[in-house]
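Observations on chain architecture
The lines below spell out each chain.
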Amino acid sequence: AHAKSHGTYYRGTMASPTITFSSTNRLPDCPPHGCIVFVDTISGTNINLGTTATSDYASVTISGAASVNPSGFKGWIVVNGGLSITGSFSMQGLIYAVNDISYVGTGGQIRGQMVSANILDTIATVIDTSLSGAASLQYNCAATKDPVAALVRPGFIVKAGTYKEISD
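Now for a look at the structure at hand. Just so it is clear, the structure is predicted and the values come from calculations on it, not from any experiment. (Residues numbered from 1 in each chain as written. Predicted model: local features only at pLDDT ≥ 70, side-chain atom pairs only at ≥ 80, totals over all residues. Heavy atoms only, no water.)

Observations concerning the environment of Ser5
By the element assignment, Ser5 lies in helix H1 (residues 2-5). Classification of Ser5 as exposed rests on a relative accessible area of 55%. Among the polar contacts made by the side chain of Ser5, one reaches the main-chain carbonyl oxygen of His2 at a distance of 2.9 Å. (Helix = DSSP H or I, 4+ residues; strand = E, 2+ residues; numbered from the N terminus. Buried < 20%, exposed > 50% of the residue type's maximum accessible area, 1.4 Å probe, protein only. Polar contact = N/O pair within 3.5 Å; in protein donor to acceptor, adjacent residues only side chain to side chain.)

This is the structure we're talking about:
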(Lines give C-alpha, C1' and ligand atoms only; values in the text may rest on other atoms or scores of the structure.)
Protein backbone atom coordinates (compact mmCIF):
# COMPACT_ATOMS: atom_id res chain seq x y z
CA ALA A 1 0.00 0.00 0.00
CA HIS A 2 2.85 2.38 0.83
CA ALA A 3 4.56 1.80 -2.52
CA LYS A 4 1.26 2.21 -4.40
CA SER A 5 0.54 5.52 -2.70
CA HIS A 6 4.07 6.84 -3.44
CA GLY A 7 4.35 5.70 -7.08
CA THR A 8 6.97 3.04 -6.40
CA TYR A 9 4.76 -0.02 -7.00
CA TYR A 10 5.54 -1.98 -10.17
CA ARG A 11 4.04 -4.99 -11.91
CA GLY A 12 4.99 -6.74 -15.13
CA THR A 13 2.52 -7.94 -17.74
CA MET A 14 2.23 -11.23 -19.60
CA ALA A 15 3.53 -9.44 -22.72
CA SER A 16 6.40 -7.78 -20.80
CA PRO A 17 6.95 -9.75 -17.59
CA THR A 18 10.36 -8.37 -16.56
CA ILE A 19 10.72 -5.01 -14.83
CA THR A 20 14.13 -3.56 -15.71
CA PHE A 21 15.91 -0.78 -13.88
CA SER A 22 18.95 0.60 -15.71
CA SER A 23 20.55 3.86 -16.79
CA THR A 24 17.52 4.47 -19.05
CA ASN A 25 14.82 3.39 -16.56
CA ARG A 26 16.11 4.43 -13.15
CA LEU A 27 15.07 3.61 -9.62
CA PRO A 28 13.51 6.71 -8.02
CA ASP A 29 15.12 8.97 -5.45
CA CYS A 30 12.94 9.66 -2.42
CA PRO A 31 14.79 12.04 -0.14
CA PRO A 32 15.46 12.40 2.68
CA HIS A 33 14.91 8.85 3.98
CA GLY A 34 14.62 6.59 0.94
CA CYS A 35 12.03 4.59 -0.98
CA ILE A 36 10.19 1.35 -0.66
CA VAL A 37 10.09 -0.13 -4.18
CA PHE A 38 7.70 -3.08 -4.43
CA VAL A 39 7.57 -5.25 -7.55
CA ASP A 40 4.53 -7.51 -7.45
CA THR A 41 3.54 -10.66 -9.30
CA ILE A 42 1.98 -10.18 -12.72
CA SER A 43 -1.47 -10.94 -11.27
CA GLY A 44 -0.90 -8.75 -8.22
CA THR A 45 -1.60 -11.61 -5.81
CA ASN A 46 0.67 -13.24 -3.24
CA ILE A 47 2.70 -16.27 -4.20
CA ASN A 48 1.26 -19.52 -2.85
CA LEU A 49 3.71 -22.38 -3.18
CA GLY A 50 2.19 -25.15 -5.27
CA THR A 51 -0.67 -23.07 -6.72
CA THR A 52 0.98 -19.94 -8.17
CA ALA A 53 2.50 -20.53 -11.59
CA THR A 54 6.15 -19.48 -11.84
CA SER A 55 5.18 -17.45 -14.93
CA ASP A 56 3.25 -15.17 -12.52
CA TYR A 57 6.29 -14.46 -10.33
CA ALA A 58 7.79 -10.99 -10.56
CA SER A 59 10.99 -10.82 -12.56
CA VAL A 60 13.31 -7.87 -11.92
CA THR A 61 16.61 -6.95 -13.53
CA ILE A 62 18.83 -4.17 -12.19
CA SER A 63 21.88 -3.26 -14.25
CA GLY A 64 24.58 -0.65 -13.95
CA ALA A 65 23.94 2.81 -12.56
CA ALA A 66 20.22 2.26 -12.13
CA SER A 67 19.54 4.94 -9.52
CA VAL A 68 18.48 8.54 -10.12
CA ASN A 69 20.73 9.42 -7.16
CA PRO A 70 24.40 9.46 -8.30
CA SER A 71 25.51 8.07 -4.92
CA GLY A 72 23.18 5.08 -5.33
CA PHE A 73 19.67 3.98 -4.44
CA LYS A 74 18.62 4.37 -0.81
CA GLY A 75 15.71 2.33 0.48
CA TRP A 76 14.13 -1.08 0.29
CA ILE A 77 13.56 -3.19 -2.80
CA VAL A 78 10.98 -5.96 -2.32
CA VAL A 79 10.39 -8.40 -5.17
CA ASN A 80 7.50 -10.85 -5.16
CA GLY A 81 9.55 -13.22 -7.31
CA GLY A 82 13.16 -13.22 -8.54
CA LEU A 83 15.84 -10.55 -8.89
CA SER A 84 18.99 -10.30 -11.02
CA ILE A 85 21.59 -7.58 -10.38
CA THR A 86 24.53 -6.97 -12.72
CA GLY A 87 27.02 -4.20 -13.33
CA SER A 88 28.04 -1.33 -11.08
CA PHE A 89 24.82 -0.98 -9.06
CA SER A 90 25.17 0.83 -5.71
CA MET A 91 22.61 1.02 -2.93
CA GLN A 92 22.11 1.37 0.79
CA GLY A 93 19.21 -0.49 2.35
CA LEU A 94 17.43 -3.81 2.06
CA ILE A 95 16.83 -6.16 -0.85
CA TYR A 96 14.23 -8.88 -0.27
CA ALA A 97 13.19 -11.38 -2.94
CA VAL A 98 10.52 -14.01 -2.32
CA ASN A 99 12.36 -16.30 -4.74
CA ASP A 100 15.92 -16.24 -6.10
CA ILE A 101 18.58 -13.52 -6.28
CA SER A 102 21.51 -13.40 -8.67
CA TYR A 103 24.11 -10.70 -7.99
CA VAL A 104 27.18 -10.50 -10.23
CA GLY A 105 28.61 -7.01 -10.00
CA THR A 106 31.42 -5.26 -11.81
CA GLY A 107 31.75 -2.48 -9.27
CA GLY A 108 29.28 -0.71 -7.05
CA GLN A 109 28.25 -1.97 -3.64
CA ILE A 110 25.24 -3.01 -1.63
CA ARG A 111 25.43 -1.82 1.98
CA GLY A 112 22.70 -3.25 4.18
CA GLN A 113 21.04 -6.65 3.77
CA MET A 114 20.09 -8.97 0.97
CA VAL A 115 17.52 -11.68 1.74
CA SER A 116 16.32 -14.44 -0.57
CA ALA A 117 13.42 -16.55 0.69
CA ASN A 118 13.90 -19.13 -2.12
CA ILE A 119 10.22 -20.08 -2.01
CA LEU A 120 10.69 -22.21 -5.14
CA ASP A 121 14.34 -22.91 -5.79
CA THR A 122 14.35 -22.67 -9.60
CA ILE A 123 18.00 -21.56 -9.61
CA ALA A 124 20.48 -21.25 -6.79
CA THR A 125 20.80 -17.80 -5.27
CA VAL A 126 24.24 -16.60 -6.30
CA ILE A 127 26.48 -13.73 -5.34
CA ASP A 128 29.41 -13.12 -7.71
CA THR A 129 30.39 -16.56 -8.85
CA SER A 130 32.02 -15.32 -12.06
CA LEU A 131 35.77 -14.71 -12.12
CA SER A 132 35.34 -11.30 -13.71
CA GLY A 133 32.75 -10.03 -11.23
CA ALA A 134 33.37 -7.79 -8.26
CA ALA A 135 30.10 -7.91 -6.32
CA SER A 136 30.36 -6.22 -2.95
CA LEU A 137 27.77 -6.95 -0.30
CA GLN A 138 28.45 -5.36 3.06
CA TYR A 139 26.10 -6.28 5.91
CA ASN A 140 25.18 -3.10 7.77
CA CYS A 141 22.17 -3.07 10.09
CA ALA A 142 22.08 0.73 10.34
CA ALA A 143 22.19 1.09 6.55
CA THR A 144 19.30 -1.36 6.30
CA LYS A 145 16.93 0.59 8.51
CA ASP A 146 18.13 4.19 8.09
CA PRO A 147 16.81 4.86 4.55
CA VAL A 148 13.26 4.08 5.61
CA ALA A 149 13.27 4.99 9.30
CA ALA A 150 10.85 7.83 8.71
CA LEU A 151 8.56 5.62 6.60
CA VAL A 152 8.17 2.73 9.02
CA ARG A 153 7.05 4.00 12.41
CA PRO A 154 5.84 1.80 15.23
CA GLY A 155 2.33 2.31 16.51
CA PHE A 156 -0.84 3.62 14.94
CA ILE A 157 -0.72 6.13 12.10
CA VAL A 158 -3.86 7.92 10.92
CA LYS A 159 -4.08 8.17 7.15
CA ALA A 160 -4.40 11.77 6.04
CA GLY A 161 -7.96 12.79 5.21
CA THR A 162 -9.63 9.94 7.12
CA TYR A 163 -10.07 11.64 10.49
CA LYS A 164 -12.15 14.62 11.49
CA GLU A 165 -12.36 16.01 15.00
CA ILE A 166 -15.74 17.43 15.96
CA SER A 167 -15.79 20.35 18.37
CA ASP A 168 -17.88 20.16 21.58
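A word on the packing of aromatic side chains
The final tally for this structure, using the stated rule, is two aromatic pairs. With a centroid separation of 6.0 Å and 5 degrees between ring planes, the pair formed by Tyr9 and Phe38 is classed as stacked. Linking Tyr9 in strand E1 (residues 9-11) with Phe38 in strand E3 (residues 35-40), this pair joins segments that are 29 residues apart in sequence. Note on Tyr9: relative accessible area 22%, which makes it partly exposed. The exposure class assigned to Phe38 is partly exposed, which follows from its relative accessible area of 24%. Note on Tyr10 and Phe21: the rings are 5.2 Å apart at their centroids and 85 degrees apart in plane angle, and the pair reads as edge-to-face. Here the residue Tyr10 occupies a position in strand E1, and Phe21 occupies one in strand E2 (residues 18-21), the gap between them amounting to eleven residues. Exposure remark for Tyr10: the relative accessible area of 22% places this residue in the partly exposed category. For Phe21, a relative accessible area of 1% puts it in the buried group. (Phe/Tyr/Trp six-rings, centres within 6.5 Å; stacked < 30°, edge-to-face > 60°.)

Regarding unusual backbone geometry
At Asn118, a position not held by glycine, the phi torsion is positive, near 50 degrees. Of note, Asn118 is situated in the loop between strand E9 (109-116) and strand E10 (126-127). Classification of Asn118 as partly exposed rests on a relative accessible area of 29%.

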